[in-house]
Amino acid sequence: NNNNNNNNADKSNALSINRYDDQQQTLQFEKVEVMSELRAVCLGYSFKQYVPTNIQQLTHAARVSAGCAIDATLAVARGQARNAFVVCNPPGNMASRAEAKGFCYFNNVAIAAKAALELDGINRIMIVDLDLHHGCGTEELFQNSDEVLVVNLHRYDEGNFFPHSGHPQTVGVGKGIGYNINIAWLGNDMRDSDYIAAFRTVVLPVGIEFAPDIILVSAGFDGCRLNSEEGNFHLSSVVFGYLTNMLMSLTDGKVVICTEGCLHVTSAVSCATMCCRALLGENLPQLPDSSVRPCGAALSTLKEVVEIHHNKWPSLSAAFATAHLSPSEVFGEEIFTIGSMNGENESSESAIPEEEEQEERDDRGQEEMGEEVA
């Protein structure tokens with residue numbers, strides 16, 4: 001959005017943004033009036049399961065998707081919005097310079113990051129990719145950059161899971177060495193405790209050292225347990241809210257979340273709701289399974305990541321010492337038992353008692369953490 005009104009927008013009253021009009025098939029400028037300080041802006045094309053198949057409509061949708069990511073990122077970077085949630089459809093994290101892949105045509109988050117870097121005061125950007133599938137396009141686009149730190153959390157299975165990329169040893173090239181981090185999960189049993197351990201052990205320590213000016217999130221929700229058709233991960237929708245809160249702590253709230261793939265509409269809506277509630281500072285429901293410890297496969301993956309990157313990011317070694325603990329053991333039980341806005345317990349996604357679930361995970365081969373990384 002190159003409209004000069006953006007530069008002069010009253011931060012406490014309105015924000016000029018691009019809005020897509022489905023009926024007129026045009027882009028329009030619209031003022032979003034708010035009653036008090038503007039806290040967040042939510043843009044997007046649609047939350048439909050699939051993108052248009054007509055090439056003209058697809059091209060238009062892809063442009064609008066990338067444009068919304070740019071507008072929201074620039075608004076947050078300029079201080080016109082505290083944070084943002086962007087519904088990007090089509091998604092973008094697999095799109096590279098020369099190839100469209102996995103329903104991705106333009107790399108929305110990467111384009112938005114490049115635009116933000118043109119602004120004064122934006123020198124370092126952190127991209128956290130939560131998509132079940134590896135963000136191979138984002139990795140490629142920034143592999144030689146030390147201005148953009150890319151952290152991917154994805155199912156890998158030794159390269160047997162689509163898109164068959166994202167090996168932990170892929171760390172960047174040239175001046176970008178160490179600025180590409182792949183948390184490549186093995187197997188299909190990753191849960192809330194595994195992701196929170198990954199954030200405590202890798203994402204947050206590296207983020208503190210890197211000190212980004214803004215964080216962009218590629219938020220794919222296929223790992224949600226509500227979606228049993230894709231990936232077979234068992235994340236609750238609530239955990240995406242807690243992960244969002246953790247990232248906001250790194251940048252004084254300057255976080256832009258852009259959706260990636262999610263074939264299950266219920267998962268997408270539920271997870272997006274939790275992200276938006278976190279962005280708006282609202283209370284989150286109780287986190288299911290907060291007493292369950294990370295599984296052995298998750299600890300092995302995190303140990304490998306720390307071994308690869310601890311020379312570049314020294315804080316990783318100390319952080320790994322508590323990787324094996326459950327969320328409630330680290331943060332206290334009360335932080336994960338906040339009631340919902342309606343006072344209801346929304347943790348019913350977990351159908352297995354915590355004690356029984358932990359034993360079940362142990363029986364599937366959970367190993368001890370092993371020696372600490374020196």
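Residues numbered from 1 in each chain as written. Predicted model: local features only at pLDDT ≥ 70, side-chain atom pairs only at ≥ 80, totals over all residues. Heavy atoms only, no water.

Engineer: I keep staring at the overall build of the protein chain and nothing clicks. Help me out?
Structural biologist: In terms of regular secondary structure, the protein chain is built from 10 helices and nine strands. Considering the protein chain as a whole, with its 374 residues, one finds that 57% of them fall into the buried category. Only carbon and sulfur atoms are counted for the fraction: they give 47% of the accessible area of the protein chain, which is about 15800 Å². (Helix = DSSP H or I, 4+ residues; strand = E, 2+ residues; numbered from the N terminus. Buried < 20%, exposed > 50% of the residue type's maximum accessible area, 1.4 Å probe, protein only. Areas by Shrake-Rupley, 256 points an atom, 1.4 Å probe, with all protein chains shown as cover.)

Engineer: I would appreciate a short explanation of the layout of surface pockets in the present structure.
Structural biologist: In this structure, the second largest pocket spans a volume of roughly 230 Å³. Lining the second largest pocket are 16 residues, with Arg 97, Ala 110, Lys 114, Leu 141 and Phe 142 positioned closest to its centre. Per element, the largest residue contribution to the lining of the second largest pocket is four residues, and it comes from helix H2 (residues 108-117). Taken together, the residues of the lining of the second largest pocket sort by class into nine nonpolar, three polar and four charged. (1 Å grid on protein atoms, 1.4 Å probe; cavity = no way out; pocket = protein on both sides within 12 Å on 5 of 7 lines; lining within 4 Å. Points joined across faces, edges and corners; volume = space filled by probe spheres on them. Nonpolar A, V, L, I, M, F, W, Y, C, P; charged D, E, K, R; others polar.)

Engineer: It is not clear to me how the packing of aromatic side chains should be interpreted in this structure. Could you clarify?
Structural biologist: What describes a pair of aromatic rings is the distance from one ring centre to the other and the angle between the planes of the rings. Applying the stated rule across the entire model yields six aromatic pairs. For the pair Tyr 195 and Phe 233, a centre-to-centre distance of 6.5 Å together with 75° between the ring planes defines the contact as edge-to-face. Separated by 38 residues along the polypeptide, Tyr 195 in helix H4 (residues 192-210) and Phe 233 in the loop between strand S8 (214-219) and helix H5 (238-248) bring together distant segments of the chain. Taking relative accessible area as the criterion, Tyr 195 reaches 2% and is therefore assigned buried. Taken together, the ring pairs in this structure connect Tyr 179, Phe 210 and Trp 313 into an aromatic cluster. In this structure, Lys 312 packs its charged tip against the face of Trp 313, placed 5.6 Å from the ring centre. (Phe/Tyr/Trp six-rings, centres within 6.5 Å; stacked < 30°, edge-to-face > 60°. Lys NZ or Arg CZ within 6 Å of the ring centre and 35° of its normal.)

Engineer: Just checking my understanding: could you explain the pairing of strand S6 (residues 148-155) for this structure?
Structural biologist: Judged by how many residues are buried, S6 sits mostly within the fold: eight of eight residues are covered. A two-sided burial pattern is seen for S6, the buried positions comprising Val 148, Val 150, Asn 152 and His 154 on one face and Leu 149, Val 151, Leu 153 and Arg 155 on the other. Of the pairings in the sheet, the one linking strand S5 (residues 125-129) to S6 comprises five bridges and is parallel in character. Bridge pairing in S6 links Asp 129 to Asn 152. In this fold, S5 hands off to helix H3 (residues 136-141), which returns the chain to S6; that crossover is right-handed. Two strands pair when backbone bridges link them, and S6 and strand S7 (residues 180-185) are joined in this way by six bridges, in the parallel orientation. Looking at S7, one finds that Arg 155 is bridged to Trp 185. (Pairing = 2+ DSSP bridges. Right-handed = clockwise from strand over helix to strand, strands pointing away.)

Engineer: Explain a nonpolar patch on the surface to me, please; I cannot follow it from the model alone.
Structural biologist: Taken together, Phe 103, Tyr 105, Phe 106 and Ile 111 make up a surface patch of nonpolar side chains, about 350 Å² in accessible area. Following the sequence through the fold, Phe 103 ends up in the loop between strand S4 (83-87) and H2. (Patch = residues over 30% accessible without salt bridge, like charges linked within 9 Å, V, L, I, M, F, W, Y side chains within 5 Å. Salt bridge = Lys/Arg side-chain N within 4 Å of Asp/Glu carboxyl O.)

Engineer: What is the right way to look at the packing of H4 against helix H7 (residues 296-309) in this model?
Structural biologist: In a pair of packed helices, the angle between the axes and the distance between the axes together describe the arrangement. For the pair H4 and H7, the least separation of the axes is 10 Å and the interaxial angle reads 20°. One element, H4, and the other, H7, form an angle in the roughly parallel class. Seen from above, H4 lies across H7 with right-handed handedness. Counting all contacts with H4, which are made through Asp 194, Ala 197, Ala 198, Thr 201 and Val 202, the residues of H7 involved are Ala 298, Leu 302, Val 305 and Val 306. When its residues are assigned to classes, the contact of H4 with H7 shows seven nonpolar, one polar and one charged. (Axes fitted to C-alpha atoms, helices over the stretch in contact; angles between N-to-C directions. Parallel < 35°, antiparallel > 145°, perpendicular 65-115°, else oblique. Left-handed = near helix turned anticlockwise from the far one by under 90°. Contact = heavy atoms within 4.5 Å.)

Engineer: What is the right way to look at the side chain of Asn 182 in this model?
Structural biologist: As for its placement among the helices and strands, Asn 182 is situated in strand S7. The class for Asn 182 is buried, based on a relative accessible area of 1%. Within polar-contact distance, the side chain of Asn 182 engages the side chain of His 134 at 3.1 Å. One polar contact links the side chain of Asn 182 to the main-chain carbonyl oxygen of Thr 170, over a distance of 3.5 Å. Beyond its immediate chain neighbours, meaning those up to four positions away, Asn 182 contacts His 134, Glu 139, Asn 152, His 154, Gly 166, His 167, Pro 168, Thr 170 and Val 305. (Polar contact = N/O pair within 3.5 Å; in protein donor to acceptor, adjacent residues only side chain to side chain.)

Engineer: Quick question: what am I supposed to make of the nonpolar core here?
Structural biologist: The tendency in soluble globular proteins is for nonpolar side chains to be buried side by side. Counting residues in hydrophobic clusters, the biggest one holds 62 residues, and the most contacted among them are Leu 153, Ile 183 and Trp 185. At 10 residues, H4 tops the list of elements feeding residues into this core. Not counting chain neighbours up to four residues away, the residues in contact with Ile 183 comprise Val 151, Asn 152, Leu 153, His 154, Ala 198, Val 202, Val 203, Thr 301, Leu 302 and Val 305. Counting residues in each nonpolar core, the second largest holds 30 residues, with Cys 68, Leu 74, Ala 110 and Leu 119 among its members. (Core = buried A, V, L, I, M, F, W, Y, C linked by side-chain atoms within 4.5 Å.)

Engineer: Would you mind going over the confidence of the model for the protein chain with me for this structure?
Structural biologist: Fine structural detail should not be taken from predicted coordinates in areas where pLDDT scores are low. On average, residues of the protein chain score 78 in pLDDT, and 72% of them reach the 70 mark or higher. Taken as a whole, residues 337-354 scores under 50 in pLDDT and shows 37 contacts with residues more than four places along the chain or in a different chain. The low-confidence segment residues 363-374 (pLDDT under 50) makes 27 contacts with residues lying over four places distant or belonging to another chain. (pLDDT = per-residue confidence, 0-100.)

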